[in-house]
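# A look at the structure
Below are the chains, spelled out letter by letter.
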Amino acid sequence: MHKTSATLLIIDDDDVVRASLAAYLEDSGFKVLQANNGLQGLEVFQQEGPDLMICDLRMPQVDGLELIRRINALGVEVPVIVVSGAGVMNDAVEALRLGAADYLIKPLEDLAVLEHSVRRALDRARLRVENQLYREKLEATNRELQASLHLLQEDQNAGRQVQMNMLPVTPWQADGLNFAHQIIPSLYLSGDFVDYFRIDERRIAFYLADVSGHGASSAFVTVLLKFMTTRLLYEWRRGGTLPEFKPSDVLGHINRGLINCKLGKHVTMLGGVIDEESGMLTYSIGGHLPLPILFENGQARYLEGRGLPVGLFEEAEYGDLVMQLPESFSLTLLSDGILDLLPGDTLKEKELALPQLVSQAGGTLGGLRQVLGLANLGEMPDDIALLVLSRNLA
């Protein structure tokens with residue numbers, strides 16, 4: 001919605017018409033400025049900077065078309081609605097060519113038509129400003145990522161710092177949800193990566209990714225993942241209204257991107273979106289093990305899910321699973337490097353032990369650090385990543 005406090009400027013040499021339009025729009029909640037000719041209107045425009053202008057075409061000294069030209073020359077993007085009794089098609093075409101948001105013919109029998117045009121033009125102007133901000137943010141992110149890639153290739157010390165800087169703040173709180181993570185690389189750079197971020201006022205997204213291999217080449221892909229998710233979010237925002245940000249769509253987007261890049265790398269991933277209004281979790285699995293572990297009422301269990309790795313198969317399809325989150329819970333995401341720390345001789349034995357350890361840790365990242373002895377690890381054969389999100393844990 002546009003801001004109800006928007007300021008409008010009405011320029012018309014007919015005092016009765018101008019007063020009538022101003023009274024109606026003021027009753028509709030707008031602040032209205034007035035001018036009785038083009039020159040005066042231009043002065044008011046430069047002094048007050050209104051959000052939208054309504055002008056007549058046929059006015060003495062400076063007509064409506066010339067006024068639009070002069071405002072365009074100022075380099076200020078303000079929507080203009082032309083209201084004219086002339087009714088000449090050439091004038092309408094020229095006004096629209098110069099950038100007018102709408103062209104209405106006098107007399108206006110229903111002023112609600114004008115109000116609708118004003119609101120629509122303000123909404124379009126707001127979306128244009130938002131898209132420009134998103135574009136500038138994306139360009140800045142692209143520059144940062146390009147610099148990150150160069151650093152990653154030239155200097156592993158700088159590359160490690162870049163990679164750490166790309167990670168989200170930990171711990172992080174969003175309303176009642178708490179997020180915390182830890183990444184332990186087997187080499188100086190990690191092929192594991194986590195991220196979480198707000199999509200809009202009601203939705204939060206998160207993911208954990210485990211890139212095949214180790215070292216700089218795998219770390220390069222984590223930078224690429226950050227870029228692809230950032231760009232995807234920007235592209236979906238461009239229309240002004242975000243569609244459903246489905247984890248399966250994100251995994252499919254990354255799958256296509258990695259295949260097209262021909263890097264010879266694939267990723268296993270877990271991704272999810274939490275709707276804070278409904279308390280629903282939507283998640284998708286991209287060939288990742290172990291599966292997410294839900295902790296509630298002192299018990300821990302694996303969530304369901306399966307899917308192909310990301311970046312291997314062009315025909316891969318990913319599905320979404322939906323569940324209602326408990327009032328009090330934690331959800332633990334882990335890369336498969338954690339399995340090297342678990343007791344048991346077989347993969348099945350290790351996977352059976354993991355929920356028990358999460359329960360023993362009380363479903364918290366701090367508890368897992370202690371239970372798994374993460375502070376005293378020696379050289380590890382694989383990267384380890386942990387992401388824990390929780391709500392209302394005692």
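Residues numbered from 1 in each chain as written. Predicted model: local features only at pLDDT ≥ 70, side-chain atom pairs only at ≥ 80, totals over all residues. Heavy atoms only, no water.

## What about unusual backbone geometry?
Residues other than glycine predominantly adopt negative phi, and peptide bonds predominantly adopt the trans conformation. For the bond running from Thr-170 to Pro-171, omega is -5°, close enough to zero to count as cis. With an omega dihedral of 0°, the bond running from Leu-289 to Pro-290 counts as a cis peptide bond. Of note, Pro-290 is situated in the loop between β11 (280–286) and β12 (293–296). Phi at Asn-392 takes a positive value of approximately 60°, unusual for a residue other than glycine. One can find Asn-392 in the segment after β16 (384–391). (Helix = DSSP H or I, 4+ residues; strand = E, 2+ residues; numbered from the N terminus.)

## Quick notes on the packing of helix α9 (residues 347–360) against helix α10 (residues 365–372)
For any two helices packed against each other, one specifies the crossing angle of their axes together with the interaxial distance. As a packed pair, α9 and α10 sit with axes 8 Å apart at the nearest point and diverge in direction by 120°. Note that α9 runs across α10; the crossing there is right-handed. For the pair α9 and α10, the contacting residues are Leu-357, Val-358 and Gln-360 in the first and Leu-368, Val-371 and Leu-372 in the second. Split by residue class, the contact of α9 with α10 holds five nonpolar, one polar and no charged. (Axes fitted to C-alpha atoms, helices over the stretch in contact; angles between N-to-C directions. Left-handed = near helix turned anticlockwise from the far one by under 90°. Contact = heavy atoms within 4.5 Å. Nonpolar A, V, L, I, M, F, W, Y, C, P; charged D, E, K, R; others polar.)

## Digging into empty space enclosed by the protein
For the coordinates displayed, the defined rule picks out two cavities of 30 Å³ or more. In this model, the largest cavity occupies a volume close to 100 Å³. Around the largest cavity, the lining is made up of 13 residues, and of these Phe-206, Tyr-207, Phe-245, Val-250 and Gly-271 lie nearest the centre. No other element matches strand β10 (residues 267–275), which puts four residues into the lining of the largest cavity. (1 Å grid on protein atoms, 1.4 Å probe; cavity = no way out; pocket = protein on both sides within 12 Å on 5 of 7 lines; lining within 4 Å. Points joined across faces, edges and corners; volume = space filled by probe spheres on them.)

## Section: the side chain of Arg-18
Mapped onto the elements of the fold, Arg-18 is located in helix α1 (residues 15–27). A relative accessible area of 10% places Arg-18 in the buried class. For Arg-18, the side chain forms a polar contact with the main-chain oxygen of Asp-12, separated by 2.7 Å. Leave out the neighbours within four places in its chain, and Arg-18 touches Ile-10, Asp-12, Asp-13, Gln-34, Ala-35 and Asn-36. (Buried < 20%, exposed > 50% of the residue type's maximum accessible area, 1.4 Å probe, protein only. Polar contact = N/O pair within 3.5 Å; in protein donor to acceptor, adjacent residues only side chain to side chain.)

## Considerations on the sheet that holds strand β14 (residues 321–324)
Ordered by their spatial adjacency, five strands build an open sheet running β8-β9-β10-β11-β14, and the pairing between neighbours is antiparallel. With one partner strand each, in any of the chains shown, β8 (192–198) and β14 form the two edges of the open sheet. Sheet twist, expressed as the mean angle between neighbouring strand axes with direction ignored, is 15°. (Pairing = 2+ DSSP bridges.)

## So, the side chain of Asp-195
Along the polypeptide, Asp-195 turns up in strand β8. Residue classification places Asp-195 among the buried positions, given a relative accessible area of 4%. At 3.1 Å, the side chain of Asp-195 forms a polar contact with the side chain of Lys-226. The contact partners of Asp-195, leaving out residues within four places of it in the chain, are Pro-168, Ala-205, Phe-206, Tyr-207 and Lys-226.

## Description of the pattern of salt bridges
With the rule as written, the count across this model stands at 16 salt bridges. The residue Arg-70 makes a salt bridge to Glu-66 at a minimum N-O spacing of 3.2 Å. With Arg-70 and Glu-66 both in helix α3 (residues 64–73) and four residues apart, this pair spans about one turn of that helix. Given a relative accessible area of 33%, Arg-70 falls into the partly exposed group. For Glu-66, a relative accessible area of 28% gives the class partly exposed. Glu-94 is the salt-bridge partner of Arg-69, the closest N and O atoms lying 3.3 Å from each other. Placement of the pair is Arg-69 in helix α3 and Glu-94 in helix α4 (residues 89–97), with a sequence separation of 25 residues. By relative accessible area, Arg-69 is classed as partly exposed at 36%. (Salt bridge = Lys/Arg side-chain N within 4 Å of Asp/Glu carboxyl O.)

## A look at α9
With 14 residues, α9 should cover 20 Å at 1.5 Å per step; its first-to-last C-alpha distance of 20 Å lies within 8% of that length. As for α9, its buried residues are in contact with β12, β13 (299–302), β15 (329–334) and α10. A positive phi of about 70° marks Gly-362, the residue just after α9. (Expected span 1.5 Å × (residues − 1).)

## A few points about the UniProt feature "modified residue: 4-aspartylphosphate" (unreviewed entry) in the protein
Look at the UniProt record and you will see "modified residue: 4-aspartylphosphate" (unreviewed entry) annotated at Asp-56. Its place among the elements puts Asp-56 in the loop between β3 (52–55) and α3. Ignoring sequence-local partners within four residues, the contact set of Asp-56 consists of Ile-11, Asp-12, Asp-13, Gly-64, Val-83, Ser-84, Gly-85 and Lys-106. (UniProt positions renumbered as here; feature names shortened; annotations may be inferred.)

## Describing the nonpolar core
By size, the foremost hydrophobic cluster in this structure holds 53 residues, and its most contacted members are Phe-206, Leu-225, Val-267, Met-269, Leu-281 and Leu-331. When residues no more than four places from it in sequence are discounted, the contact partners of Leu-281 are Phe-206, Gly-272, Val-273, Ile-274, Leu-303, Leu-321, Val-322, Met-323, Leu-325 and Leu-331. Ranked by size, the runner-up nonpolar core spans 24 residues in total, among them Ala-35, Val-44, Phe-45 and Ala-100. (Core = buried A, V, L, I, M, F, W, Y, C linked by side-chain atoms within 4.5 Å.)

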